[in-house]
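Residue strings, one per chain:
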Amino acid sequence: MSVWPWPADLDAVAAAGQHHRKLFENDAVRVLETLIPAGEQTAVHTHCWPNVQYVLRTTDFVRRDGSGFAVFDTREGAHRPEEGATLWSEPLPPHSVENVGQNDLRVLMVELKRPRNE
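Computed from a predicted model, the values in this text were never measured in an experiment.

> Hey, could you go over the pattern of salt bridges for me, with residue numbers and the actual values?
Taken as a whole and assessed by the stated rule, the structure comprises 11 salt bridges. Across the pair glutamate 25 and lysine 113 runs a salt bridge whose closest N-O atoms are separated by 2.6 Å. On the criterion of sequence distance, the pair formed by glutamate 25 in strand 1 (residues 20–25) and lysine 113 in the segment after strand 9 (105–112) is long-range, its members being 88 residues apart. Accessibility expressed as a relative area gives 22% for lysine 113, which makes it partly exposed. Each of Asp11, Arg30 and Glu111 takes part in salt bridges that share partners, so that together they form one network.

> Quick one: what's the story with the nonpolar core, residue by residue and with numbers?
One recurring pattern in soluble globular proteins: nonpolar side chains tend to sit buried together. Within the largest apolar cluster, 5 residues are counted, these being Ile36, Phe61, Val97, Leu105 and Val107. Sequence-distant contacts of leucine 105, defined by excluding residues within four places in its chain, comprise Thr34, Leu35, Ile36, Arg57, Thr58, Thr59, Phe61, Val97 and Asn99.

> Provide a residue-level description of the side chain of threonine 58, including the pertinent values.
Its location among the elements puts threonine 58 in the loop between strand 4 (51–57) and strand 5 (61–65). On the basis of relative accessibility, which here comes to 5%, the residue threonine 58 falls in the buried class. Only 2.6 Å separates the side chain of threonine 58 from the backbone oxygen of proline 81, close enough to count as a polar contact.

> Describe in detail the environment of glutamate 82, supporting the description with residues and values.
Residue placement: glutamate 82 occurs in the loop between strand 6 (70–73) and strand 7 (86–89). A relative accessible area of 41% means that glutamate 82 is categorised as partly exposed. When sequence neighbours within four positions are dropped, the list of residues in contact with glutamate 82 reads Val55 and Thr58.

> Residue-level account of the layout of surface pockets, with values.
The space that makes up the largest pocket amounts to roughly 370 Å³. Residue lining of the largest pocket: 22 residues in total, with Gln53, Phe61, Arg63, Leu87 and Val107 positioned closest to the centre. Mapped by element, the contributors of at least two residues to the lining of the largest pocket are strand 2 (29–36), strand 3 (45–47), strand 4, strand 5, strand 7, strand 8 (92–99) and strand 9. Its residues assigned to classes, the lining of the largest pocket comprises 12 nonpolar, 9 polar and 1 charged.

> Requested: an account of the sheet that holds strand 9, with residues and values cited.
Pairing between the strands of a sheet comes from backbone hydrogen bonds, and it takes one of two forms, parallel or antiparallel. On the basis of which strands lie adjacent, the open sheet formed by 5 strands has the order 1-2-9-4-7 and antiparallel pairing. In this open sheet, the two edge strands, each paired with only one partner strand, are strand 1 and strand 7. Geometrically, the sheet is characterised by an average inter-axis angle of 25 degrees between neighbouring strands, direction not taken into account. Bridge count for strand 4 against strand 7 is 4 bridges, and the pairing is antiparallel. Following the sheet pairing, asparagine 51 is matched in strand 7 by serine 89.

Cut-off values and rules
Residues numbered from 1 in each chain as written. Predicted model: local features only at pLDDT ≥ 70, side-chain atom pairs only at ≥ 80, totals over all residues. Heavy atoms only, no water. Salt bridge = Lys/Arg side-chain N within 4 Å of Asp/Glu carboxyl O. Helix = DSSP H or I, 4+ residues; strand = E, 2+ residues; numbered from the N terminus. Buried < 20%, exposed > 50% of the residue type's maximum accessible area, 1.4 Å probe, protein only. Core = buried A, V, L, I, M, F, W, Y, C linked by side-chain atoms within 4.5 Å. Contact = heavy atoms within 4.5 Å. Polar contact = N/O pair within 3.5 Å; in protein donor to acceptor, adjacent residues only side chain to side chain. 1 Å grid on protein atoms, 1.4 Å probe; cavity = no way out; pocket = protein on both sides within 12 Å on 5 of 7 lines; lining within 4 Å. Points joined across faces, edges and corners; volume = space filled by probe spheres on them. Nonpolar A, V, L, I, M, F, W, Y, C, P; charged D, E, K, R; others polar. Pairing = 2+ DSSP bridges. Axes fitted to C-alpha atoms, helices over the stretch in contact; angles between N-to-C directions.

No statement about biological role is implied by the geometric values presented.
Below you can see the structure in the form of structure tokens.
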């Protein structure tokens, strides 16, 4: 596997702990709850493992890359995941998420740990 190029201090819990809470962790998985209230934006952070996301509460949001460029905007035609949706994601490089809707954005994320070189 290739080397993860971003530093550990960009990990979601370390860099954006206000919006990411670790619920469980062992050698195989890490379970996070992501909660972004209406009008808030996360700090730039990463997710170094592939993950499964379960949407508990949805709203409109914008995901930006590490430079602040919008790469996903649910208001601009990007498909907004609905409540109860289960999604797959490969590891996510530096990004932030801004809640631009009226409701909280709340997602349960199960990160599937696998060996990586740091």
